[in-house]
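Summary of the model geometry
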Amino acid sequence: MAANTKTSRKVARYAVPVAVAGVAAATVAMVPAFANAGGPDLPKVTAQQLIEKVAASDVQQLSGTAKISTDLGLPKIATGLLGGGGVAGGSANPEDKVAQLANGTHTFRVAADGPDRQKLTFLDGKDEYSLIHNGDDVWGYDSKSNEVFHEKDPQSGKDAGKDKGKDHKTADRLAASPQKMAEELLKAAGPTTDVSVGDTAQVAGRDAYQLVLKPKQSGSTVGSVQIAVDAKNGVPLRVQLLSSQGGKPIVDAGFTKVDFAKPAADTFAFTPPKGAKLTEGVDEAGKGDKGEGFKALESFPGLDGLLGGPNGRGDVKVLGEGWATVARIDSGAGKGLKDFENSANDKNAPKGAKQFLDSLGDKVTGKFGEGRVLSTRLVNALVTDDGKVYVGAVTKDALVKAADANK
């Protein structure tokens, strides 16, 4: 979507593009619900009016404290790999830190001053991890290990407008905010989504409306998404992803304290501490490298062949649409579940391979043959014996149905 001049001045990480309002009005099924009792007494608004309020928000400056809690119901082996002990410690690479947000509860300070200055500081007791975007530079600093990660942002300052095709830049790691999450969710909303206005609420001491997104389709693991929107300035203050099975939110990310005044200039200043180990990042966009998820999976013996080996990720086909979307990965390598099981059960296989195998769910059968399902509260994956992987934010039954229809 092309942004107009006003939109281009907004903070890309912290505001929903104006174009979203037009798209939502044309494609999202608007339920004529209104905010009601249970929170602050606010003027009635429709879902479309609330989306327009979010889209029109031009807040570029803020600071505060936020918290993100994630309960994906990951297998024990995956929880250990992601690191349940907090984000401080280890390397300063942002990839490592952001991955750890997929488990547990984390608190962070946030500050923003325009499109070229943002800062997130993850708090872990007396240790901290900071991710700072200041003009052309992006810094990651881990106080526990005294390690620094540095990368040039090709889309900031004098280089703005160049390399527009690149989508791998460390500045995007600053997107772990309620605003960015809400932006992506609203962009993805389409004809498979019902959008309404729920009860009003108070978030971080501010009155808020709640925009509620619900899948129309059956089979999704997502029950609803609730976005708390500041009643005055339209800034998303909290995003909650609720499971179709009930229980506590799968993801709950929101401000606990927020101030929309301009942060002090020195908030974004950073100089590597004396004696710190410095690592320069490399932008690998366009080099055909695989995503981090594939790299992680391929670290387990046997799965490298199942997913297409080290030189290719296999053929990927998208099945379905909206909340019921399933991706089918066909490695074409002629290896399947039994090959992986044999590799993991080999007496010389690393302990981690057997643990990962044990974390997989029970075997399932269907017209597609046999397979096993790796289950979380949000994303499920079916690994079949003929070398295919079906993955999506859908239930186990929906995966089996997709595999039967597309074997």
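Throughout, residues of each chain are indexed from 1 in the direction in which the sequence is written. Per-residue local features of the predicted model are confined to residues with pLDDT of at least 70, and side-chain atom pairs are confined, for both listing and counting, to 80 or more; whole-chain, interface and lining totals are unaffected and use all residues. Calculated side-chain values reflect all of the structure's heavy atoms, with hydrogen atoms and water omitted.

1. A short note on the pattern of salt bridges
A side-chain nitrogen of Lys or Arg and a carboxyl oxygen of Asp or Glu constitute a salt bridge if their distance falls within 4 Å. Under the defined criterion, the tally for this structure stands at eight salt bridges. The closest approach of N and O atoms between Asp-113 and Lys-262, which form a salt bridge, is 2.7 Å. Note that Asp-113 is positioned in strand 3 (residues 104–113) and Lys-262 in the loop between strand 13 (251–259) and strand 14 (277–280), a separation of 149 residues in sequence. When a residue's accessible area, from a 1.4 Å probe over protein chains only, is under 20% of the maximum for its type it is buried; when over 50% it is exposed; and in between it is partly exposed. Since its relative accessible area comes to 7%, Asp-113 is described here as buried. Its relative accessible area of 53% is what places Lys-262 among the exposed residues. Secondary structure follows DSSP: runs of H or I at least 4 residues long count as helices, runs of E at least 2 residues long count as strands, and numbering of each begins at the N terminus.

2. As for the packing of aromatic side chains
Note on aromatic contacts: the rings of Phe and Tyr and the six-membered ring of Trp form a pair at centre separations within 6.5 Å, being stacked when their planes are under 30 degrees apart, edge-to-face when over 60 apart, and tilted otherwise. Taken as a whole, this structure holds four aromatic pairs when the rule is applied. Taken together, a centroid distance of 5.5 Å and an interplanar angle of 50° make the contact between Phe-108 and Phe-122 tilted. Placement of the pair is Phe-108 in strand 3 and Phe-122 in strand 4 (residues 117–124), with a sequence separation of 14 residues. Judged by relative accessible area, Phe-122 falls into the buried class, the value being 3%. Grouping aromatic residues by their ring pairs yields a cluster made of Phe-108, Phe-122 and Tyr-129.

3. Here we look at the pairing of strand 16 (residues 326–330)
Pairing between strands is defined by DSSP: at least two bridges between them are needed. Pairing geometry for strand 15 (residues 315–319) and strand 16, over five bridges, is antiparallel. Opposite Asp-315, over in strand 16, you have Asp-330 as the bridge partner. The antiparallel hairpin formed by strand 15 and strand 16 contains six residues in its connecting segment, where Gly-320 sits at a positive phi of about 75°.

4. Here's the deal with the nonpolar core
As used in this record, nonpolar core signifies buried Ala, Val, Leu, Ile, Met, Phe, Trp, Tyr and Cys residues forming a set joined through side-chain atoms within 4.5 Å. Counting residues in each nonpolar core, the largest one holds 47 residues, and the members touching the most others are Leu-211, Leu-213, Val-225 and Ile-227. Here this core takes five residues from strand 11 (residues 222–230), the largest share from any one element. Filtering out sequence-adjacent residues up to four positions away, Val-225 remains in contact with Leu-185, Leu-211, Val-212, Leu-213, Val-239, Gln-240, Leu-241 and Trp-323. In terms of nonpolar packing, the next biggest core, distinct from the first, is built from 12 residues, Val-326, Val-373, Leu-399 and Ala-402 among them. Here, two residues are considered to be in contact whenever any of their heavy atoms come within 4.5 Å of each other.

5. Some points on the confidence of the model for the chain
Note: pLDDT gives the predictor's confidence per residue, expressed from 0 to 100. Model confidence for the chain is summarised by a mean pLDDT of 73, while 63% of its residues fall at 70 or above. Note that residues 77–85 has pLDDT below 50 and, in this model, 16 contacts with residues that lie over four places away or in other chains.

6. Points about the sheet that holds strand 19 (residues 380–384)
Judged by pairing direction, the sheet is antiparallel, and its six strands sit side by side in the order 15-16-20-19-18-17 without closing on themselves. Every other strand in the sheet has two partners, leaving strand 15 and strand 17 (363–366) as the edge strands with one partner each. Strand after strand, the sheet turns through a mean of 25° between neighbouring axes, direction not considered. Two strands pair when backbone bridges link them, and strand 18 (residues 369–375) and strand 19 are joined in this way by five bridges, in the antiparallel orientation. Note on strand 19: the bridge partner recorded for Val-373 is Leu-382. Only the stretch in contact is used when a helix axis is fitted, and all axes are lines through C-alpha atoms; the angle between N-to-C directions ranges over 0 to 180 degrees.

7. A closer look at helix 3 (residues 47–56)
An α-helical turn contains 3.6 residues, so a residue and the one three or four places further along point in the same direction. All of the buried residues in helix 3 are Ala-47, Leu-50, Ile-51, Val-54 and Ala-55. The arc that holds every buried residue of helix 3, seen down its axis, measures 140°, which confines them to one face. Of all possible arcs, the one meant is that of the directions from the helix axis to the C-beta atoms.

8. Things to note about the side chain of Asp-230
Considering the arrangement of structural elements, one finds Asp-230 in strand 11. Here Asp-230 falls in the buried class, since its relative accessible area comes to 1%. A polar atom in the side chain of Asp-230 sits 3.2 Å from the backbone nitrogen of Asn-233. For Asp-230, the residues in contact, after removing those within four places along its chain, are Lys-53, Arg-206, Asp-207, Ala-208, Val-235, Leu-237 and Phe-260. Whenever a nitrogen or oxygen atom comes within 3.5 Å of another N or O atom, the pair is scored as a polar contact, on the condition that within protein one atom can donate a hydrogen and the other can accept it, and that pairs from neighbouring residues in sequence are kept only if both atoms are in side chains.

9. Re helix 11 (residues 396–405)
By the burial criterion, the buried members of helix 11 are Leu-399, Val-400, Ala-402 and Ala-403. Within helix 11, the buried residues cover an arc of 160° as seen down the axis, which keeps them to one side. Away from its buried face, by an angle of more than 90 degrees, helix 11 presents the exposed residues Asp-397, Lys-401 and Ala-405. Those residues of helix 11 that are buried are in contact with strand 15, strand 16, strand 17, strand 19 and strand 20 (388–392).

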